[in-house]
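Residue-level listing of the chains:
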Amino acid sequence: KVQLVESGGGLVQPGGSLRLSCAASGFTFSSYAMSWVRQAPGKGLEWVSAINSDGEATYYADSVKGRFTISRDNAKNTLYLQLNSLKTEDTAMYYCAKDPGPDYSGEYYFLHVYNYWGQGTQVTVSS
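It should be emphasised that the depicted structure is a prediction, and the values quoted were computed from it without experimental measurement.

Each value, and the rule that gives it
Residues numbered from 1 in each chain as written. Predicted model: local features only at pLDDT ≥ 70, side-chain atom pairs only at ≥ 80, totals over all residues. Heavy atoms only, no water. Pairing = 2+ DSSP bridges. Helix = DSSP H or I, 4+ residues; strand = E, 2+ residues; numbered from the N terminus. Axes fitted to C-alpha atoms, helices over the stretch in contact; angles between N-to-C directions. Salt bridge = Lys/Arg side-chain N within 4 Å of Asp/Glu carboxyl O. Buried < 20%, exposed > 50% of the residue type's maximum accessible area, 1.4 Å probe, protein only. Core = buried A, V, L, I, M, F, W, Y, C linked by side-chain atoms within 4.5 Å. Polar contact = N/O pair within 3.5 Å; in protein donor to acceptor, adjacent residues only side chain to side chain. Contact = heavy atoms within 4.5 Å.

### So, the sheet that holds strand E9 (residues 92-98)
Argument step 1. Spatial strand order, E2-E10-E9-E4-E5-E6: 6 strands in an open sheet with mixed pairing. The open sheet has two free edges, formed respectively by strand E2 (10-12) and strand E6 (58-60), since each of these has just one partner strand. Ignoring which end each strand starts from, the neighbouring axes of this sheet average 25 degrees apart.
Argument step 2. Of the strand pairs in this sheet, E2 and strand E10 (residues 121-125) are connected by 3 bridges, and their pairing is parallel. Residue pairing in the sheet places Gly10 in a bridge with Val123 of E10.

Below is the structure:
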């Protein structure tokens, strides 16, 4: 059974940083691309970032490009998201999600098809 457990969220001031982690189990982590998706209060899902199975290719939403960095450690079955220069509009519940294959399949899949959300980790950016 696929399990994705997010952690690392918290309350941070604008301009601050956080590092999110996603511990994966129940599948061969190194064979699948992974994404981060967030949901702000009262809003829909927003795809944030993706990384291919080997970590060689990364993708970012325009809203986070240059501030967030996605990475993975296939030996530890763990996905990361480094959040820097945080803004109040980054406040959201953050989820990690598994792609159906080794390459990022596009945000449409995560926004309209994917339905295996974990508990997420809350990021709150406030002064």
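Picking up after the structure, the text goes on.
### A few points about the pattern of salt bridges
Argument step 1. Enumeration over the complete set of coordinates arrives at 4 salt bridges.
Argument step 2. Note that Lys65 and Asp62 form a salt bridge whose closest N and O atoms lie 3.2 Å from each other. The burial state of Lys65 is the same as that of Asp62; both residues are exposed.
Argument step 3. In this structure, Arg67 and Asp90 form a salt bridge, with 2.7 Å as the shortest nitrogen-oxygen distance. Of this pair, Arg67 sits in the loop between E6 and strand E7 (68-73) while Asp90 sits in the loop between strand E8 (78-83) and E9; the two residues are 23 residues apart in sequence, bridging distant segments of the chain.

### A closer look at the nonpolar core
Argument step 1. Residues Trp36, Leu79, Leu81 and Tyr94 are the most contacted members of the largest nonpolar core, which totals 35 residues.
Argument step 2. Listed by contribution, the elements that provide at least two residues to this core are strand E3 (18-25), strand E4 (34-39), strand E5 (45-51), E7, E8, E9, helix H1 (107-112) and E10.

### Brief notes about the sheet that holds E7
Argument step 1. Taken in spatial order, the 4 strands line up as E1-E3-E8-E7 in an open sheet, and their pairing is antiparallel. Looking at which strands have only one partner, the edges of the open sheet turn out to be strand E1 (3-7) and E7. For this sheet, the mean inter-axis angle between neighbouring strands, taken without regard to orientation, is 15 degrees.
Argument step 2. With 6 bridges joining them, E7 and E8 adopt antiparallel strand pairing. The residue bridging Thr69 from the neighbouring strand is Gln82, located in E8.

### Some points on the side chain of Arg67
Argument step 1. Take Arg67: its relative accessible area is 9%, and that puts it in the buried class.
Argument step 2. Reaching out from Arg67, the side chain makes a polar contact with the backbone oxygen of Ser63 at a distance of 2.9 Å.
Argument step 3. A polar atom in the side chain of Arg67 sits 2.7 Å from the side chain of Asp90.
Argument step 4. Once you skip the residues sitting within four places of it in the chain, Arg67 turns out to touch Gln82, Leu83, Asn84, Ser85, Leu86, Lys87 and Asp90.

### Focus on the environment of Ser49
Argument step 1. Residue placement: Ser49 occurs in strand E5.
Argument step 2. Taking the C-alpha atoms as reference, Ser49 lies 8.2 Å from Thr69; in sequence the two are 20 residues apart.
Argument step 3. Once you skip the residues sitting within four places of it in the chain, Ser49 turns out to touch Met34, Ser35, Trp36, Tyr59, Tyr60, Ile70 and Leu81.

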